[in-house]
Amino acid sequence: MSIRRSTRSRRAVAAVSLAAALALTAVGCGTDDGGGKTDEGGSSPSSAPSKSADEDKGEKQEDTAAGENVDPNVKLAQVNGRDGLTLVVNEVKRDSGGFVTVSGVIKNNGDELRSGGQWAGSESAIVTNNPNSVAGATLVDKIGKKRYYILRDTDGRCLCTTGLTAIQPGKSVSVFMQFPAPPETTNEVDFTLPTFATASLKISG
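An account of the accompanying structure is given in this report. (Residues numbered from 1 in each chain as written. Predicted model: local features only at pLDDT ≥ 70, side-chain atom pairs only at ≥ 80, totals over all residues. Heavy atoms only, no water.)

### Comments concerning the state of the cysteines
Item 1. Counting across every chain of the model gives one disulfide.
Item 2. Paired by a disulfide, C158 and C160 hold their sulfur atoms 2.0 Å apart. Classification of the bridge connecting C158 and C160 rests on its S-S torsion, roughly -65°, and on that basis the disulfide is left-handed.
Item 3. On the basis of relative accessible area, C160 is assigned to the buried category, the value being 6%. (Disulfide = S-S within 2.5 Å. Buried < 20%, exposed > 50% of the residue type's maximum accessible area, 1.4 Å probe, protein only.)

### Some thoughts on the packing of aromatic side chains
Item 1. With the rule as written, the count across this model stands at two aromatic pairs.
Item 2. Plain terms: the ring middles of F179 and F191 are 6.5 Å apart, the flat faces sit at 85° to each other, and that makes the pair edge-to-face. Here F191 lies in strand β7 (residues 188–192) and F179 lies in strand β6 (residues 172–180), a separation of twelve residues in the sequence. Each member of the pair, F179 as well as F191, is classed as buried. (Phe/Tyr/Trp six-rings, centres within 6.5 Å; stacked < 30°, edge-to-face > 60°. Helix = DSSP H or I, 4+ residues; strand = E, 2+ residues; numbered from the N terminus.)

### Remarks on the sheet that holds strand β4 (residues 138–141)
Item 1. Read from one edge of the open sheet, four strands run β5-β4-β7-β8, paired in antiparallel fashion. Each edge of the open sheet carries a strand with a single partner, namely β5 (146–149) and β8 (199–202). Put simply, the sheet's adjacent strands are angled 30° from each other on average, direction ignored.
Item 2. By the bridge criterion, four bridges tie β7 to β8 in an arrangement that is antiparallel. (Pairing = 2+ DSSP bridges. Axes fitted to C-alpha atoms, helices over the stretch in contact; angles between N-to-C directions.)

### Observations regarding the pairing of strand β1 (residues 77–80)
Item 1. Burial along β1 is one-sided: A77 and V79 are buried, while Q78 and N80, pointing the other way, are not.
Item 2. When β1 meets strand β2 (residues 85–95), the two strands line up antiparallel, connected through four bridges. Bridging across to β2, A77 finds its partner in V89.
Item 3. Counting the residues in the hairpin turn of β1 and β2 gives four residues, including D83, whose phi is positive at 55°.

Right, dumping it as structure tokens:
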């Protein structure tokens, strides 16, 4: 009896070992096939982070452009506009791409709604393509005696905040504007936004 049991035990162990080996082989093949299909389809976990990284980069650029990553406690200038509106400039940064970005906040200190469509300027092409924007802003290099207008793409859209709605009393909106960069030797410019007083700004970066 003991010999039969020992033989059966050895057979059982051998069967279990064989089954385990076959299972491991199947799993290995499945992983290779799955990996190849996933890489082609672009739906693998390894490809997903790449897509997310691109999306995150775009979102970060948009946030930065909108002034959301600018320190609101930094006030380079504060000028008053009409009807209780105030413009606070938080940052004027020279970027390596050859442009200057002005970021700030427009606040409604009055007790009535204020329109968000009064800063697009008077140029018909700009107003048409950029309603309710801050496309009418300009920079003036007094030393170089040059005026700089907001950059725009090939479709005439400004590189600035657009789609501004009416500002509620006591509320504020973040704005940004991108201009061609003055020469490196110019570190101070005059900034003007329609309906606001002119502000003298120092360029950083």
